[in-house]
Amino acid sequence: MSLIHEIDYGTPASTSEEAVTLTIDGFEVTVPVGTSLMRAAAEAGIQVPKLCATDMVKSFGSCRLCLVEIEGRRGTPASCTTPVAPDMVVHTQTPRLKEIRRGVMELYISDHPLDCLTCAANGDCELQDMAGEVGLRDVRYGYDGANHVKARDNGEANPRYRPKDESNPYFTFDPSKCIVCSRCVRACEEVQGTFALTIEGRGFGSVVAAGQDEAFLASECVSCGACVQACPTATLQEKSVIDNGLPEHARVTTCAYCGVGCSFKAEMRGEELIRMVPYKDGKANRGHSCVKGRFAYGYANHKDRILNPMIREKITDPWREVSWEEALAHTASEFRRIQHQYGRSALGGITSSRCTNEETFIVQKLVRAGFGNNNVDTCARVCHSPTGYGLKTTFGTSAGTQDFDSVEKTDVVILIGANPTDGHPVFASRLKKRLREGAKLIVIDPRRIDLVRSPHIEASYHLPLKPGSNVAILTALAHVVVTEGLFDEAFIRERCDWDEFQDWATFVSDPRNSPEEVEKISGVPAAAIRGAARLYATGGNGAVYYGLGVTEHSQGSTTVMAIANLAMATGNLGRPGVGVNPLRGQNNVQGSCDMGSFPHELPGYRHISDEATRDIFEKLWNVTLDDEPGLRIPNMLDAAVDGSFRGIYIQGEDILQSDPDTKHVAAGLAAMECVVVHDLFLNETANYAHVFLPGSTFLEKDGTFTNAERRINRVRRVMAPKNGYADWEVTQLLANALGCGWNYTHPREIMAEIAATTPSFAGVTYELLEKEGSVQWPCNDKAPTGTPVMHVGGFQRGKGKFVVTEYVATDEKTGPRFPLLLTTGRILTQYNVGAQTRRTANTVWHEEDRLEIHPHDAEQRGIKDGDWVRLASRSGETSLKARITDRVAPGVVYTTFHHPGTQANVITTDFSDWATNCPEYKVTAVQVALSNGPSDWQQEYEEQARQARRIAPAMEAAE
Amino acid sequence: MSPDKLAYMANQIATFFKSRPEDEAAAGVADHINSFWEPRMRAKLFEILENGATGLDPLVVEAAPMIRQPKPERA
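Criteria and cut-off values
Residues numbered from 1 in each chain as written. Chains lettered and ligands numbered in written order. Predicted model: local features only at pLDDT ≥ 70, side-chain atom pairs only at ≥ 80, totals over all residues. Heavy atoms only, no water. Salt bridge = Lys/Arg side-chain N within 4 Å of Asp/Glu carboxyl O. Buried < 20%, exposed > 50% of the residue type's maximum accessible area, 1.4 Å probe, protein only. Helix = DSSP H or I, 4+ residues; strand = E, 2+ residues; numbered from the N terminus. Polar contact = N/O pair within 3.5 Å; in protein donor to acceptor, adjacent residues only side chain to side chain. Contact = heavy atoms within 4.5 Å.

An unreviewed UniProt entry annotates chain B as Formate dehydrogenase subunit delta of Afifella marina DSM 2698.

Under an unreviewed UniProt entry, the name given to chain A is Formate dehydrogenase major subunit, and the organism recorded is Afifella marina DSM 2698.

Have a look at this one:
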């Protein structure tokens, strides 16, 4: 193994389909029109010296190192800014060029410290490389005189010198090493789209500055690291490299945070992870990352990580460390006892959307084949289960229709109930890039999210609807499309059921669904609804991207179907640039759903009642499968309280913190006799566990994750599991302790079983993934290298199905006791329940959950920014600090749920989606009042958690 | 699974299928419950139905004959 060196072509690829042939250094090269000379040379294998150019950003032409000579043209043009032309004859190395380049390098080096041996970038410095490449042997100008390098000159303070900025927890900014190539500034602008960096001053006085010349941490920098990656010197440098030195080998793997599924090079020294560098060939992220993926991996070594199995009789006992054998034998005997005593259906399992496809597949196999029932569910229950139901009903399959590249061809984006700059940051950067190129944006969200208005981005429409009125708004948009004749009749007649369309068209055309009527329900002005509908229907390629603000409602599934209706009616399906795109929360939530994690479905979304499908698995597994749907998570908890559900195996999932109505979850868990938690940490659910099986991180195992675009990406092991076993091995040990007799020796064998049983995965093998990098399912005989865009030419189910989507107001209503509506969400630097990110330096950005409240509502209650407030609903109450902001409308409050101390889910209720039981997190009627600090419940909870986490000291061996 | 909660869930399903044509509505409710409800949940629903269908939407009652009776559990 060695480091993975990706070629830097210097400038971005041209997308032109027209080709040009020219000659560079005697070689004939054919490249697309619009390609730079620098890139053409690189494609021919010739690297022109460069400093300010890199292929992640547009050419800039400032360093004057990449000069070339062109026959028949005067002067020495920069190869990065000169486009190719037919029959050009180019020379990249001539006596004149050599002399100029040395001169340029002399000037650079005369204002750069010569501490190469002790510099963190030693060996990984482009300035150093270029000095070598141009043959720099002398610096005629010396190192004295005006400079940015020395803090003091001749005893005097040097006004040009700026000290190192170490405010960011993950990287340093050392202006004394800066060569002002502007790569960081351009990366922040073009790749990330934050515009946090700039060049201050002019000429020799030019310096890079963050924000209003502030410390990085104080500026609007989002710490994505694109600038660090772009920096050719040690000016912007990872602290991990400063501390540990450079990596020596790398493997490509997939991030384990959100559903974007970015590809990274995990750069290692021995078994130590030195840094994560986004992989340019990664088709989801194209070389970009966010603060979580690039930097927040420290949890893997956190002191809280549990590395030994533990058991206890009662949840009030301290934990006792035991051997793997004892833990597994104990679990198996408890599970057998429970089934003997209470029946076969008294057990269940929860698969993890954090774990690999292979791991979730065998957890559902353990439940179906080992436990002999279908009581298996996954965290998608609480996030995208309505997507599964809604898209399967309308299109025939439960997945987003596009790849992320599709956004580059989109003209109008509707963004509903999603906040990508926080939740899916790398997709947000790709979206922002397209918006800066002129695409239009419609935001449907109760909050004024960043994308409504931020540097160089402004939504054409923001529809700040009242939480819970999604269906009404979407039907009103459809009303405008139909009544104004903006629908795509040819598309509908060809691809959808025309009769169903007509029924639906009659329904949406009813005056009660008009924007004017819906304004009364949603609070959104009718003119804005009409304008948005017209823009989406007539603005070119229209794409819908949505998140949990759509699904986590009583009418979540109805909303998904309303989105599908709208896309079908406007013909926005089946080609690049359009589609219906759920932004998935967790890294492998798509995969865990695909792998049969739902209690009614076998892998590949095939209902458990289907005999032919059961037959495939029964023959292979040599068991009889139960043909009845199993319990969903909320039903399991209900059944536990009722006494008929007694034991559960939970892999990588913290239901106590992430599921609604915490007290009900706690009661359900407390009622069980054997709760097995398989996780990295003693999470909140583990407070109610009897067995703890330590888990492994994504760095410690092989497998695959499937991201929001159905892309199956490899996860590659870069270090041995610190707990001894990868998670798939632990599940297999448990299955074998129960007598299943499995003998997988590598996850590739599990993938082979998935492919053999699941038509949409039929063509997937590790060899194919090695060759292609990644594939998007369906991947089979019809699509041997996968399917970037679905429903091309026709829908998976045959004809697209229009479904009537009657708006039904949620029963969660405001009233005198609870006059405000609470909605919940995420923040960039923290991830979900925070089990990982709270154990990294990301806490400097978000150390606690805050309640966002409008100044009007705050004023009425005498609340000032930073005050402790009590947040109460009919389910419970908690306390947290207020943040006063007009991002939320009057009447609406908002909080994140990353911190267990806040326990926002004490507040959320047990209302759920009618079709899937997906909880209604996004609407809770609440009251807010000043308080003195944490509530009694929070204090009791903290004490209970502290007691529950005690680990008994190991027994001393007798002498 | 309190009877109230189950009745509430069944009624939510009925509310959605009310927007279907009349001849499909009850079948839609039954099909949904057959597809997604575990036998224990269906058994509880039948208990509610036998005890006077208290709190149940008339469409759920209409769908009842089409809802599958849970089988006794396999050993």
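Visitor: Lay out the pattern of salt bridges with the relevant residues and their values.
Guide: Residues and elements named next belong to chain A. Following the criterion strictly, the structure yields 67 salt bridges over all chains and no others. Two residues, Arg434 and Glu437, come together in a salt bridge whose shortest N-O distance is 3.1 Å. The class for Arg434 is buried, based on a relative accessible area of 16%. With relative accessibility at 55%, the residue Glu437 sits in the exposed group. Notably, a salt bridge pairs Asp811 with Lys813, separated by 3.9 Å at the nearest N-O pair. You can call Asp811 partly exposed: its relative accessible area is 44%.

Visitor: Before we move on, can you summarise unusual backbone geometry with the specific residues and values?
Guide: Among all residues save glycine, negative phi is the norm, and among peptide bonds the norm is trans. All names here are of chain A. In this structure, Pro778 follows Trp777 across a cis peptide bond, with omega equal to 0°. Checked against the element boundaries, Pro778 lands in the loop between strand E32 (774-776) and strand E33 (820-825). Phi angles above zero are rare outside glycine, and Tyr605 is one such case at about 60°. In this structure, Tyr605 sits in the loop between strand E25 (601-602) and strand E26 (606-607). Exposure remark for Tyr605: the relative accessible area of 7% places this residue in the buried category. Unusually for a residue other than glycine, Asn622 sits at a positive phi of about 60°. In this structure, Asn622 sits in the loop between helix H21 (611-621) and helix H22 (633-642). Given a relative accessible area of 70%, Asn622 falls into the exposed group.

Visitor: With reference to specific residues and values, describe the side chain of A:Thr360.
Guide: All names here are of chain A. Along the chain, Thr360 turns up in helix H9 (residues 357-371). You can call Thr360 buried: its relative accessible area is 0%. From its side chain, Thr360 meets the backbone oxygen of Asn357 in a polar contact 2.9 Å long. Setting aside residues no more than four positions away along its own chain, Thr360 makes contact with Thr351, Ser352, Ser592, Met595 and Ser597.

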